[in-house]
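Structural overview for review
Below, each chain spelled out in residue letters.
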Amino acid sequence: MSKTIELIFDFVSPNAYLIWQPLQDLAEKYGATVAITPAFLGGMHKLTGNAPPFIRDAEVKGKNEYAMLELGRFVTKHGLSKFRMNPKFPFNTITLQRMLVALPRDKRAGFIEALLPAIWEQGLDATDADTLGKILQDSGFDAEALFARAQDPAIKQALIDNTEKAVARGAFGIPTMFVDGEIYFGKERLGQIEEQLAAP
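The paragraphs below set out a description of the structure included in this document. Computed from a prediction, not measured in an experiment: that's the story for all the values here. (Residues numbered from 1 in each chain as written. Predicted model: local features only at pLDDT ≥ 70, side-chain atom pairs only at ≥ 80, totals over all residues. Heavy atoms only, no water.)

**Describing the environment of Val167**
Test applied: Strands here are runs of E lasting at least two residues and helices are runs of H or I lasting at least four, both read from the DSSP assignment and numbered beginning at the N terminus. Residue contacts follow a heavy-atom distance rule, with two residues in contact if any of their heavy atoms lie within 4.5 Å.
Positionally, Val167 belongs in helix α9 (residues 153–168). Considered as a pair, Val167 and Glu188 are 21 residues apart in the sequence and their alpha carbons are 20 Å apart. Setting aside its immediate chain neighbours within four residues, Val167 contacts Met44, Leu47 and Thr48.

**Considerations on the side chain of Thr37**
Formally: Here a polar contact is taken to be a pair of N or O atoms separated by no more than 3.5 Å, where protein atoms must pair a possible hydrogen donor with a possible acceptor and residues adjacent in sequence count only if both atoms sit in side chains.
Positionally, Thr37 belongs in strand β2 (residues 33–38). Here Glu6 takes part through its side chain, which lies 2.7 Å from a polar atom of the side chain of Thr37. Filtering out sequence-adjacent residues up to four positions away, Thr37 remains in contact with Glu6, Leu7, Ile8, Phe9 and Asn162.

**Details of the packing of aromatic side chains**
Put simply, the rule reads: Two aromatic rings, drawn from Phe, Tyr or Trp (for Trp, its six-membered ring), form a pair once their centres lie within 6.5 Å of each other, and the interplanar angle then sorts them: stacked below 30 degrees, edge-to-face above 60, tilted otherwise. Accessibility here uses a 1.4 Å probe with only protein chains present; expressed as a share of the type maximum, an area under 20% marks a residue as buried, one over 50% as exposed, and anything in between as partly exposed. Throughout this description, the term charge over a ring refers to an Arg CZ or Lys NZ atom that lies within 6 Å of the ring centre and within 35 degrees of the ring normal.
All chains considered together, the criterion is met by 10 aromatic pairs. Centre to centre, the rings of Phe83 and Trp120 are 6.0 Å apart; their planes meet at 20 degrees, and the pair counts as stacked. One end of the pair, Phe83, is in the loop between α4 (63–77) and α5 (94–102); the other, Trp120, is in helix α6 (residues 108–120), with 37 residues separating them in the sequence. For the pair shown, Phe83 and Trp120 are each scored as buried. Cluster of aromatic residues (ring-pair linked, three or more members): Phe9, Phe11, Trp20, Phe111 and Phe141. For the cation-ring pair, Arg169 lies above Phe178, with the distance from its terminal atom to the ring centre recorded as 3.8 Å. Directly above the ring of Phe74 sits Lys187, whose terminal nitrogen or CZ lies 5.7 Å from the centroid.

Shown next as structure tokens:
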């Protein structure tokens, strides 16, 4: 029986971009499915008291520099040479995350794949509605309908609920993955996730 990797996802995390393709490759290798649960990282931080690492660790000598070194190693290992830190980072993804919630589950991966390169390779301002709308339209999505649905109170509440439920399950950042009820945080956990997928 195939396993499911649940990915708690927010576009604002560079690590969500970095883990996306390696996680797809891992799922394909083991015949697993990646199920996307949109959450709002800003809300997760408020609920948990967490903060972005580059802010949280700013006063720790050498820690952010080492994090960048590790990031470079990950990029090299997984062939992600197109990655560029977005010049607008950190940016507000509330509208994008609501759109993701509004989509049927089987359309979420396509939505993510349409936007990740624009945001994390080409430097798209994720709050620029016009540019965002054009990319979505060109990728086969009804941008006008998605923008409208992002203002639906039920969709707004669904994103809040997703975020609160993720935190209640132990999540405190992005990307968080669940496999067989086990929680894994961060792109560095791919090896552990592989072990879980390989287990009988």
